[in-house]
Amino acid sequence: MNTQHKWLILLLIFGCISCESDDDASATMQEEVIITSGDADFSKYVSLGNSLTAGFTDGALFIAGQENSMSNILAKQFALAGGGDFKQPLMSDNIGGALIGGMPALDPRFYFYNDPNPEPPNESGPRLLGTTPEDDTPEIPTTEITNVLSGPFNNMGIPGAKSFHLLADGYGNAAGLPSLANPYFVRIASSATASVLGDAMAQSPTFFSLWIGNNDVLGYALSGGDGTDPITDQTMFTNAYNGLVTTLTSGGAKGVAFNIPNVTSIPHFTTVPYNPVPLDAATATVANQGYGMYNDGLLQAEVLGMIGEEERKARTIEFNEGQNAVVIEDESLTSITGLPNYRQTTTQDLLVLPSSSFIGTTVGGNPLLINGVSVPLEDKWVLIPAEQQEITAATLAFNTVINTAVQQAGLAFVDANMLLDQIAESENGVPFDEFFLSDKLVFGGAFSLDGVHPTARGYAFLANKAIEEINTTYNSNLPLVKAIDYPTLYSPALQ
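Since this is a predicted model, take the numbers as computed values, not measurements. (Residues numbered from 1 in each chain as written. Predicted model: local features only at pLDDT ≥ 70, side-chain atom pairs only at ≥ 80, totals over all residues. Heavy atoms only, no water.)

1. Remarks on the layout of surface pockets
Worth spelling out the cut-off: Think of a 1 Å grid over just the protein atoms. A cavity is a set of points where a 1.4 Å probe fits yet cannot get out, a pocket is an open set with protein on both sides within 12 Å along at least five of seven lines, and lining residues have an atom within 4 Å of a point. Grid points are joined across faces, edges and corners, and a volume is the space filled by probe spheres set on the points. Secondary structure elements follow DSSP: runs of H or I no shorter than four residues count as helices, runs of E no shorter than two count as strands, and numbering proceeds from the N terminus. Nonpolar residues are Ala, Val, Leu, Ile, Met, Phe, Trp, Tyr, Cys and Pro. Charged residues are Asp, Glu, Lys and Arg, and all others, Gly as well, are polar.
Its volume calculated, the second largest pocket comes out at about 240 Å³. Together, Thr-283, Val-286, Ala-287, Gly-290, Tyr-291, Pro-367, Leu-368, Ile-370, Val-373 and Ser-374 line the second largest pocket. In terms of residue count, helix α9 (residues 281-290) provides more of the lining of the second largest pocket than any other element does, 4 residues in total. Split into classes, the residues belonging to the lining of the second largest pocket amount to 7 nonpolar, 3 polar and no charged.

2. What about the pairing of strand β17 (residues 366-370)?
Rules: Whether two strands pair comes down to DSSP finding at least two bridges between them.
Two strands pair when backbone bridges link them, and strand β16 (residues 362-363) and β17 are joined in this way by 2 bridges, in the antiparallel orientation. Across the sheet, residue Val-363 finds its bridge partner in β17, namely Asn-366. From the end of β16 to the start of β17, which pair antiparallel, there are 2 residues, and Gly-364 there has a positive phi angle of about 65 degrees.

3. Re the packing of helix α7 (residues 234-248) against helix α12 (residues 385-409)
For any two helices packed against each other, one specifies the crossing angle of their axes together with the interaxial distance. Our working rule: As a rule, the C-alpha atoms of each element are fitted with a line to give its axis, helices using only the stretch in contact, and angles between N-to-C directions run from 0 to 180 degrees. The scheme is simple: roughly parallel for angles under 35 degrees, roughly antiparallel for over 145, roughly perpendicular for 65 to 115, oblique for anything else. Left-handed is the label given to a crossing in which the near helix is rotated counterclockwise from the far helix by less than a right angle, and right-handed is the label when the rotation is clockwise. We call two residues in contact whenever any of their non-hydrogen atoms come within 4.5 Å of each other.
It is the contact of α7 with α12, at a shortest axis distance of 10 Å, that shows an interaxial angle of 25 degrees. In this view, α7 runs roughly parallel relative to α12, as classed from their interaxial angle. The chirality of how α7 crosses α12 is right-handed. Packed against α7, whose contacting residues are Gln-234, Phe-237, Thr-238, Tyr-241, Asn-242 and Val-245, the element α12 presents Ala-397, Phe-398, Val-401, Ile-402, Ala-405, Val-406 and Ala-409 at the interface. Among the residues making up the contact of α7 with α12, the classes are represented as 10 nonpolar, 3 polar and no charged.

4. Some details on the pattern of salt bridges
Filter applied, for reference: Here, a salt bridge means any Lys or Arg side-chain nitrogen found within 4 Å of an Asp or Glu carboxyl oxygen. Only protein chains enter the calculation, and the probe is 1.4 Å; a residue is then buried if its accessible area is under 20% of its type maximum, exposed if over 50%, and partly exposed in between.
One pass over the structure, following the stated rule, counts 8 salt bridges. Notably, a salt bridge pairs Lys-313 with Glu-309, separated by 3.0 Å at the nearest N-O pair. Of this pair, Lys-313 and Glu-309 are both found in helix α11 (residues 309-315), 4 residues apart, which corresponds to roughly one turn of the helix. Using a relative accessible area of 42% as the deciding quantity, one classes Glu-309 as partly exposed. Among the salt bridges present, the one from Arg-343 reaches Asp-349, with a minimum N-O distance of 2.8 Å. With respect to burial, Arg-343 and Asp-349 carry one shared label: buried.

5. A closer look at helix α14 (residues 456-474)
The cut-off we apply is this: Between the first and last residue of a helix there are one fewer steps than residues, each counted as 1.5 Å, and that sum is the expected span.
Between its first and last C-alpha, α14 extends 26 Å over 19 residues, near the 27 Å set by a 1.5 Å rise per residue. Within two residues after α14, Asn-475 carries a phi angle of roughly 60 degrees, on the positive side.

6. Describing the nonpolar core
The nonpolar side chains of a soluble globular protein tend to be buried with one another. Worth spelling out the cut-off: As used in this record, nonpolar core signifies buried Ala, Val, Leu, Ile, Met, Phe, Trp, Tyr and Cys residues forming a set joined through side-chain atoms within 4.5 Å.
In terms of nonpolar packing, the biggest core is built from 129 residues, with Leu-210 and Tyr-241 touching the most fellow members. Looking at which element gives the most residues to this core, the answer is α14, with 10 residues. Ignoring any residue separated from it by four or fewer positions in sequence, one finds Leu-210 in contact with Leu-48, Leu-166, Tyr-241, Leu-244, Val-245, Leu-248, Val-256, Ala-257 and Phe-258.

7. Notes on a negative patch on the surface
What counts is decided by this rule: Residues forming no salt bridge and having over 30% relative accessible area are the ones grouped into patches, like charges within 9 Å of each other and nonpolar side chains (Val, Leu, Ile, Met, Phe, Trp, Tyr) within 5 Å. Per-residue accessibility takes into account occlusion by the displayed protein chains alone, with areas from the Shrake-Rupley method and a 1.4 Å probe. For this count, His and the chain ends are skipped, Lys and Arg are scored as positive, and Asp and Glu as negative. A charge is said to be at NZ when it belongs to Lys, at CZ for Arg, at CG for Asp and at CD for Glu.
A surface patch of like charges, here negative, comprises Asp-226, Glu-329, Glu-331, Glu-378 and Glu-390. Relative to the helices and strands, Glu-331 is located in the loop between β13 (327-329) and β14 (342-344). With a relative accessible area of 44%, Glu-331 lands in the partly exposed category.

Shown next, in the form of structure tokens:
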């Protein structure tokens with residue numbers, strides 16, 4: 001058991017009433033508060049996971065974000081009860097992004113551009129660091145991936161990593177396995193044949209945090225379910241996760257684990273409305289004329305019994321004056337010879353955040369070819385209900401695996417799925433000290449400008465939940481952190 005003494009000064013005011021004097025008297029006394037690790041040992045803490053562990057925020061990894069990573073927040077609290085140094089593989093700047101061989105390879109961070117007099121196209125909103133509405137050239141990162149850092153590192157969060165990646169030998173071998181190599185691990189791997197888990201275990205951790213599995217479903221969601229980044233096979237996930245927990249606890253280490261949030265409830269999928277296209281009456285009429293033959297074809301298909309009335313109505317394209325749903329390709333529709341699988345989005349569809357800057361653009365500058373209107377959006381821009389169901393089923397199955405492994409190992413457990421659902425469903429936000437965290441992009445406080453990763457305050461909120469579970473599971477009494485100490489937006493000037 002590790003302890004540290006923290007002194008609190010308590011001021012006690014006493015009122016004295018006497019016939020000789022009505023002066024107030026005061027006295028001070030000191031009370032000793034002992035912060036203890038309980039049944040845990042925080043002397044060698046190692047965190048494993050993906051971007052959520054690394055401190056990724058605003059679409060990038062950068063120094064300030066890493067310093068406010070959930071892992072680093074936890075490490076500072078662990079230090080109050082015997083925790084040791086916590087070394088992170090810091091990036092070279094606060095620009096974010098990185099170079100490979102001197103060439104830009106990873107994008108810099110987003111920042112919030114605020115135009116006091118917003119008029120199209122100069123509207124306020126998230127932009128890449130260093131850009132303005134008139135300048136789309138981002139700042140050049142100074143982090144060179146091929147400059148391998150000397151470890152070991154306590155924060156082994158690798159952005160982009162899936163469950164099985166943490167066990168993969170050569171995950172940082174850029175030369176030998178370029179298709180497998182992860183640039184963030186290339187930069188810190190102990191050798192070309194190393195694995196993330198191997199480098200973590202080489203440090204003989206006494207305590208660990210494990211938050212992995214998000215990318216096993218998130219990659220599929222971010223790609224709009226177009227098949228380029230499939231959901232991890234359940235057997236593969238089960239073997240990988242059980243292998244991670246078994247290895248991490250093999251030396252007697254205690255730990256805290258997080259499950260997988262419902263990724264379709266995050267702002268990346270809930271910010272862009274299903275009907276983002278404003279049209280005047282004349283433009284709507286022209287657009288409807290363009291789909292006249294398609295709609296006639298649907299009527300003919302219904303007459304021939306190829307589709308029913310319900311599907312015909314669902315696929316019929318119709319624009320009106322005002323806000324309109326976009327036209328998409330939907331592979332789940334019945335195949336009809338000679339007709340494409342088009343329909344307009346409904347409230348059940350989820351448009352990915354990047355679609356906000358794509359919808360309404362033209363193809364090759366042709367004003368008649370408008371993406372989302374006359375040119376249907378490809379699969380990658382939208383999650384249709386069938387794809388959302390796949391994600392939900394996989395998340396449920398993976399979280400069952402996580403719950404079982406955590407219970408068998410006796411680990412502290414944070415139900416991130418429940419917590420982020422509460423943030424998404426709360427009308428006014430979830431309280432965090434004197435603040436409220438909601439799922440609104442930019443000003444909600446919980447999610448950063450990429451709509452996927454938390455803000456620094458969001459990470460602090462999750463760290464507190466982890467501390468509460470650690471205290472309950474291991475009889476420690478680690479103090480919570482304060483919301484006000486963690487920002488929700490980073491300045492564009494932070495470089």
